[in-house]
Amino acid sequence: MKKNILFISCDEAKVICDKSQYGEATLLEKIKLYLRLSYCHITRSYSKRNANLTKTIESAHLQCLQTTEKQKLKHLIKQELGQNH
Amino acid sequence: MEQQKLNPNLWVDLYSDYLFNYSISRVSDRAIAQDLVQETFLAGLKSMLNFKGEASERTWLISILKRKIIDHYRKINSKKGQAEVRINYNTNEDSEGDWLEERVADPFDKTAEDQLMNEELGDAIYYCLDKLPKKQAEVFKLKNILGYDTDTICNELNITPSNLWVIIHRARTALADCMEEKWL
């Protein structure tokens, strides 16, 4: 159906909105999202909250360990536990 | 109250990221932060018998890490020896009277309040991340914190891209719910 090319469901719009937070939405997806944003207040409020979340997370400058670094730590703990018991 | 038990085999999966973020936001050096987390786990293993089970495993490990961070600062300060305060007043006659302007705070510099706010925000995000199902938290960390691209995550975790976006969507919604009141 032609209608489905541009008109998407709320859930689809949310997924596209998530993708666009990581710069991974295609041009067509963005057009579909903006069209939906123009008439759907649920998508609009989701999109606003989603953008706020991205901004907040970015401002925290979070850090975490790489998988290899975790493996080393696990190995060390295993070793220590082996020695103690 | 339920008696808490220690399970060191799960420490890395459950707490290492939180402890690492906690420590890097306070020491600002990746290698040192990593060492501190490692020392925390080792100290935890050594004093397992002292764990009374009154606090959660996480709270107990954080209290060890806090002591390690204090020790770290004590150590680097003692290395410096006696602290010397040197203020080199400008002796150049042409710029006489400019010394005060040179010493006023830089408004674009990060303030202690900003730093504190960031530490609190980081702790809050990790607190919320810990409430997510393991897979959601893992995908979210790989995507948002380590910045891996979609294909890499899909290969590493053996999931399809559409699966990944569903997981990301659930994780983001849960995180936003958790953080809404205070931070969004």
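Residues numbered from 1 in each chain as written. Chains lettered and ligands numbered in written order. Predicted model: local features only at pLDDT ≥ 70, side-chain atom pairs only at ≥ 80, totals over all residues. Heavy atoms only, no water.

1. Side note on the domain arrangement of chain B
- If you check the domain split of chain B, you get domain 1 (1-81) and domain 2 (133-184).
- Taken over C-alpha atoms, the centre of domain 1 of chain B sits 26 Å from the centre of domain 2 of chain B. (Domains from an automatic or database assignment.)

2. As for the packing of aromatic side chains
- For the coordinates displayed, the defined rule picks out seven aromatic pairs over all chains.
- Considering the side-chain rings of Tyr22(A) and Trp165(B), the 5.7 Å spacing of their centres and the 50° angle between planes classify their relative orientation as tilted. Note that Tyr22(A) is positioned in the loop between α2 (10-21) and α3 (27-39) and Trp165(B) in helix α8 (residues 161-183), a pairing that runs across two chains.
- Among the aromatic residues, those joined into a ring-pair cluster are Trp11(B), Phe41(B), Phe51(B) and Trp60(B).
- Note that Arg26(B) overlies the ring of Tyr22(B), its terminal NZ or CZ placed 3.5 Å from the centroid.
- Taking the ring centre of Tyr22(A) as reference, the NZ or CZ of Lys143(B) above it sits at 5.2 Å. (Phe/Tyr/Trp six-rings, centres within 6.5 Å; stacked < 30°, edge-to-face > 60°. Helix = DSSP H or I, 4+ residues; strand = E, 2+ residues; numbered from the N terminus. Lys NZ or Arg CZ within 6 Å of the ring centre and 35° of its normal.)

3. Focus: the layout of surface pockets
- By volume, the largest pocket is sized at about 520 Å³.
- Lining the largest pocket are 23 residues, and of these Lys70(A), Asp13(B), Lys134(B), Glu138(B) and Lys141(B) sit closest to its centre.
- When contributions to the lining of the largest pocket are tallied by element, the ones reaching two or more residues are α5 (67-84) of chain A together with α1 (11-27), α6 (134-145) and α7 (150-157) of chain B.
- Among the elements that take part in the lining of the largest pocket, α6(B) stands out by supplying five residues, more than any other.
- Broken down by class, the residue content of the lining of the largest pocket amounts to 10 nonpolar, three polar and 10 charged. (1 Å grid on protein atoms, 1.4 Å probe; cavity = no way out; pocket = protein on both sides within 12 Å on 5 of 7 lines; lining within 4 Å. Points joined across faces, edges and corners; volume = space filled by probe spheres on them. Nonpolar A, V, L, I, M, F, W, Y, C, P; charged D, E, K, R; others polar.)

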